[in-house]
Amino acid sequence: MTMPIDPDLMRDPDQNKRRDLTIAAAAIVVCVVLPFVFPNRYLIGQGVTLFLWVAVVSQWNLVFGVGGIFSLAQLAIFAVGGYSAAMLALYLNVSLWFGMFLGGLVATGFSLIVGLACLRLSGAYVALLTLALATALQVLIITDTTCFMRQGVTCMTFTGGSRGLSRFGDFGFTAMLGRANAPLGNYFLAFAVALAAMLFAYLVIYSPIGLAFRAIRDNKLYSIGRGISSVRFQLLIFGASAFFTGMAGAVFAGHYRAIGANILDTSLLLFLLSMMVIGGLGRFWGPLAGTTALLLFDEAMKELGEWRLAGLGAILLLSVIFMPNGIVGLFRSRPAAR
Amino acid sequence: MTAILECRSVTKSFGALRAVNDITFSVQRNEVLGITGPNGAGKTTLFEVVSGFSRASSGTVHLGGEDITELAPHVICSRGMMRVFQSAAAFDTLTAWQNVYIGHAFSRRHPPLMSLLRITREDRASCLEALERVGLAHRANTRVAELPVLERKFLMIASALVSNPSILMLDEPVGGLTQDEIDQVFDLLTSLRKNGATIVVIEHVMRFMVKIADRVMVMHHGEMIFDGEPGRLARDETVRSIYLGEKEASRIAGAEERKR
Ligand SMILES: Nc1ncnc2c1ncn2[C@@H]1O[C@H](COP(=O)(O)OP(=O)(O)O)[C@@H](O)[C@H]1O
Ligand SMILES: [Mg+2]
């Protein structure tokens with residue numbers, strides 16, 4: 001009585017290649033066309049921000065949403081990538097283009113260490129430890145006052161201290177494209193990083209490795225009982241989610257021609273966390289949806305001055321209550337499985 | 001002939017409590033060994049130690065001649081021992097075939113690198129075949145959170161079978177099931193055994209146990225108080241007085257009579 005099934009028809013219910021391709025094509029067209037239709041400096045700058053946060057949140061989602069590991073180290077990883085590229089440029093004259101990849105690699109190494117430190121912890125303890133790590137990193141940078149290099153009469157510290165690092169140059173788009181078009185260079189670079197990060201996330205989520213991450217999240221003991229090495233995969237998750245995050249940090253530094261310890265502020269971390277949650281945890285389109293929604297909302301709330309934070313809190317509260325599976329969850333045909 | 005599984009003087013202590021106390025036994029190829037005994041006797045703890053989830057306080061465990069006493073549980077999987085847990089464990093957000101796929105892809109001893117990056121048609125076919133063996137092929141695309149308990153239990157067995165384990169360890173596979181469901185599990189295990197499977201099964205339900213097992217071990221307070229054919233079980237004085245009680249014993253004896 002069981003009907004024969006073709007193995008080709010066995011699929012992932014979350015994955016719909018045609019839908020994904022359509023959305024991706026539409027989004028790419030919009031992002032490519034928009035800066036030419038509205039060649040507005042402010043808009044292009046906001047576009048860079050959007051792309052960088054999409055890159056970071058899409059990788060964070062691999063750890064937090066797909067892997068179910070409550071790490072809050074993602075901005076620390078971003079900062080390590082950005083600072084590495086900036087310092088390499090400043091002290092060793094390494095081009096930011098090359099430094100961008102090195103930043104990604106250093107960030108990966110840093111993330112692996114974070115993953116190692118979290119191996120024996122679970123749940124809220126991972127959140128606590130990683131938050132402590134991020135805070136410690138910020139404090140270390142801010143309290144760094146040892147003279148490393150003289151710049152005229154002032155004294156530069158190794159990490160730039162509380163003033164941050166600057167004067168390490170940028171990606172050189174002014175020389176390449178002219179002063180007027182230079183912002184477009186940053187725009188498309190950030191776009192490329194976001195695109196690569198999302199493509200990477202897509203491949204991971206729907207690969208056997210992604211299935212293993214989800215299996216560990218669903219039931220760790222059972223996953224071990226089916227041969228999954230939780231140590232190996234936890235390190236894999238931390239390593240894999242760091243490269244594009246670190247790269248985004250380097251693009252951030254090049255775009256602003258500066259980087260400071262304020263990117264480790266808890267308020268920014270919570271902002272990105274909200275993007276991930278509101279978009280839809282563990283879902284491929286969640287980071288893009290959440291980041292876009294929150295940046296648009298933030299834009300609309302600009303008028304409200306200090307009420308902006310309250311508004312953000314309210315939106316977070318409402319969306320958690322009314323969209324427990326995030327924006328992406330609203331478009332799911334089946335009943336929510338989580 | 002070497003035994004598939006061989007435990008020598010396995011002991012597991014929790015503080016002063018000896019949950020498993022000096023247990024020695026072996027399981028031969030294509031044998032079905034039943035383990036029974038009252039709640040808290042140490043049966044699950046014995047499984048935990050044998051499968052590497054918990055370290056033995058003393059004693060050794062050999063699987064296919066290899067000493068696995070110190071190996072990690074996921075490594076022991078790759079050596080061919082698959083456990084089916086007491087609770088109906090599953091990966092709830094995955095579909096039935098994806099649940100099976102986990103057992104298929106990650107329990108291999110030397111998985112080719114490509115197998116970590118791509119799910120092939122052959123992989124899917126293997127998963128489907130394992131689902132067919134437990135009668136769940138029609139559920140392949142169903143998310144497991146939506147499956148009833150019995151199907152979750154079958155699914156857990158399928159995700160163990162897919163790797164062709166050399167020994168299958170089942171912890172109370174029919175606990176909490178109705179008589180009809182128990183019969184379904186019985187039929188499945190019987191067909192596995194016909195195909196040469198080696199099974200260790202913990203079970204409270206004695207009628208099921210005597211029918212399925214070639215040999216039965218009874219544990220009590222961490223110790224083995226009986227090891228022999230199921231037919232002798234009801235006649236054994238110690239087992240009668242400690243575990244079965246007169247009524248159950250005569251019921252089992254009756255079932256044995258009818259079997260002949
Ligand atoms: N992790 C543990 N820590 C302390 N005691 C335990 C632990 N696991 C099991 N026990 C104890 O060991 C004994 C045997 O338990 P268990 O193996 O689950 O029995 P069974 O499966 O035969 O019902 C029980 O007394 C139980 O309370
Ligand atoms: Mg038990």
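As the structure is a computational prediction, the values presented were derived from the model and not from experiment. (Residues numbered from 1 in each chain as written. Chains lettered and ligands numbered in written order. Predicted model: local features only at pLDDT ≥ 70, side-chain atom pairs only at ≥ 80, totals over all residues. Heavy atoms only, no water.)

A closer look at the interface of chain B and chain A
Each side of the interface is counted separately: chain B has 43 residues, and chain A has 36 residues. Between chain B and chain A the total buried area reaches about 3500 Å² when both faces are included, carbon and sulfur atoms providing 64% of it. Arg121 of chain B is the partner of Asp6 of chain A in a salt bridge, and the nearest nitrogen-oxygen pair spans 3.0 Å. Remark: the boundary between chain B and chain A carries 14 residue pairs in polar contact (both at pLDDT 80 or more). Of all the secondary structure elements, the ones that give two or more residues to the side of chain B that touches chain A are helix H2 (73-78), strand E6 (81-84), helix H3 (96-106), helix H4 (121-133) and helix H5 (149-161) of chain B. (Contact = heavy atoms within 4.5 Å. Buried area = accessible area lost by both parts, 1.4 Å probe. Salt bridge = Lys/Arg side-chain N within 4 Å of Asp/Glu carboxyl O. Polar contact = N/O pair within 3.5 Å; in protein donor to acceptor, adjacent residues only side chain to side chain. Helix = DSSP H or I, 4+ residues; strand = E, 2+ residues; numbered from the N terminus.)

Observations regarding the coordination of the magnesium ion (ligand 2)
Residue and element names in this part refer to chain B. Bound to the magnesium ion (ligand 2) on the protein side are Thr44 (OG1) and Gln86 (OE1), at distances that span 2.0 to 2.6 Å. Of the two residues, Thr44 sits in helix H1 (residues 43-50) while Gln86 sits in the loop between E6 and H3, which places them 42 residues apart along the sequence. Classification of Thr44 as partly exposed rests on a relative accessible area of 28%. In this structure Gln86 comes out as partly exposed when scored by relative accessible area, which is 36%. (Donors = N, O, S within 2.8 Å, 3.2 Å for Na, K, Ca; no water. Buried < 20%, exposed > 50% of the residue type's maximum accessible area, 1.4 Å probe, protein only.)

Let's talk about the domain arrangement of chain B
All names here are of chain B. With domains assigned, chain B is organised as domain 1 (1-80 + 166-260) and domain 2 (89-165). The distance between the C-alpha centroids of domain 1 and domain 2 comes to 25 Å. Every contact between the two is made by 18 residues of domain 1 and, on the other side, 13 residues of domain 2. Taken together, both faces of the contact between domain 1 and domain 2 bury some 1200 Å²; the carbon and sulfur share is 70%. The tally of links from domain 1 across to domain 2 stands at zero salt bridges. Here domain 1 is connected to domain 2 by three residue pairs in polar contact (both at pLDDT 80 or more). Mapped by element, the contributors of at least two residues to the side of domain 1 that touches domain 2 are H2, strand E7 (167-171) and helix H6 (179-194). When residues in the side of domain 1 that touches domain 2 are grouped by element, the largest group, five residues, is from H6. (Domains from an automatic or database assignment.)

Some words on the confidence of the model for chain B
A residue-level look at chain B finds 96% of positions with pLDDT of 70 or above and a mean pLDDT of 90. Across the assembled chains, the prediction reports ipTM 0.92 with pTM 0.90. (pLDDT = per-residue confidence, 0-100.)

Observations concerning the pairing of strand E2 (residues 17-27) of chain B
All names here are of chain B. Across seven bridges, strand E1 (residues 5-14) lies against E2 in antiparallel orientation. In the strand pairing of E2, Cys7 is matched with Phe25. Hairpin connection, E1 to E2: the antiparallel pair is bridged by two residues, and Gly15 has positive phi, about 60°. (Pairing = 2+ DSSP bridges.)

Looking at the site of ligand 1
All names here are of chain B. Every residue close to ligand 1 is listed here: Phe14, Leu17, Ala19, Pro38, Asn39, Gly40, Ala41, Gly42, Lys43, Thr44 and Thr45. In this structure, Gly42 approaches ligand 1 through a main-chain N or O atom, which is 3.0 Å from an oxygen atom. A distance of 2.7 Å is found between an oxygen atom of ligand 1 and a side-chain nitrogen or oxygen belonging to Thr44. Here ligand 1, which alone exposes 560 Å², has 58% of that area covered by the protein. (Near = heavy atom within 4 Å. Areas by Shrake-Rupley, 256 points an atom, 1.4 Å probe, with all protein chains shown as cover.)

Quick look at the sheet that holds E7 of chain B
Residues and elements named next belong to chain B. Taken in spatial order, the six strands make up an open sheet running E6-E7-E8-E3-E9-E10, and their pairing is mixed. With one partner strand each, in any of the chains shown, E6 and strand E10 (223-228) form the two edges of the open sheet. Taken over all neighbouring pairs, the strand axes of this sheet differ in orientation by 15° on average, direction set aside. Across four bridges, the pairing between strand E3 (residues 32-36) and strand E8 (residues 199-202) is parallel. Bridge assignment links Val32 to a residue of E8, and that residue is Ile199. (Axes fitted to C-alpha atoms, helices over the stretch in contact; angles between N-to-C directions.)

Focus on empty space enclosed by the protein
In total, this model carries three cavities of 30 Å³ or more according to the counting rule given. As a volume, the largest cavity reaches approximately 80 Å³. Secondary structure elements with two or more residues in the lining of the largest cavity: helix H3 (74-92), helix H5 (124-142) and helix H12 (266-279) of chain A. Ranked by residue count, the leading element in the lining of the largest cavity is H5 of chain A, at four residues. Taken together, the residues that form the lining of the largest cavity break down as eight nonpolar, three polar and one charged. Taken as a whole, the second largest cavity holds about 40 Å³ of empty space. The wall of the second largest cavity is formed by Gly225 of chain A together with Ser51, Phe53, Pro73, Ile76, Cys77, Met81, Met82 and Arg83 of chain B. Elements with a minimum of two residues in the lining of the second largest cavity: H2 and E6 of chain B. Residues that form the lining of the second largest cavity fall into these classes: six nonpolar, two polar and one charged. (1 Å grid on protein atoms, 1.4 Å probe; cavity = no way out; pocket = protein on both sides within 12 Å on 5 of 7 lines; lining within 4 Å. Points joined across faces, edges and corners; volume = space filled by probe spheres on them. Nonpolar A, V, L, I, M, F, W, Y, C, P; charged D, E, K, R; others polar.)

Thoughts on the sheet that holds E2 of chain B
Residue and element names in this part refer to chain B. Strands sit in the order E2-E1-E4-E5 across an open sheet of four strands; the sheet is antiparallel. Two strands in the sheet have a free side with no partner beyond their single neighbour: E2 and strand E5 (66-67). By the bridge criterion, five bridges tie E1 to strand E4 (residues 58-63) in an arrangement that is antiparallel. Note on E4: the bridge partner recorded for Arg8 is Thr60. Of the strands in this sheet, E1, E2 and E4 are in contact with H1, which crosses E1 at around 115°.

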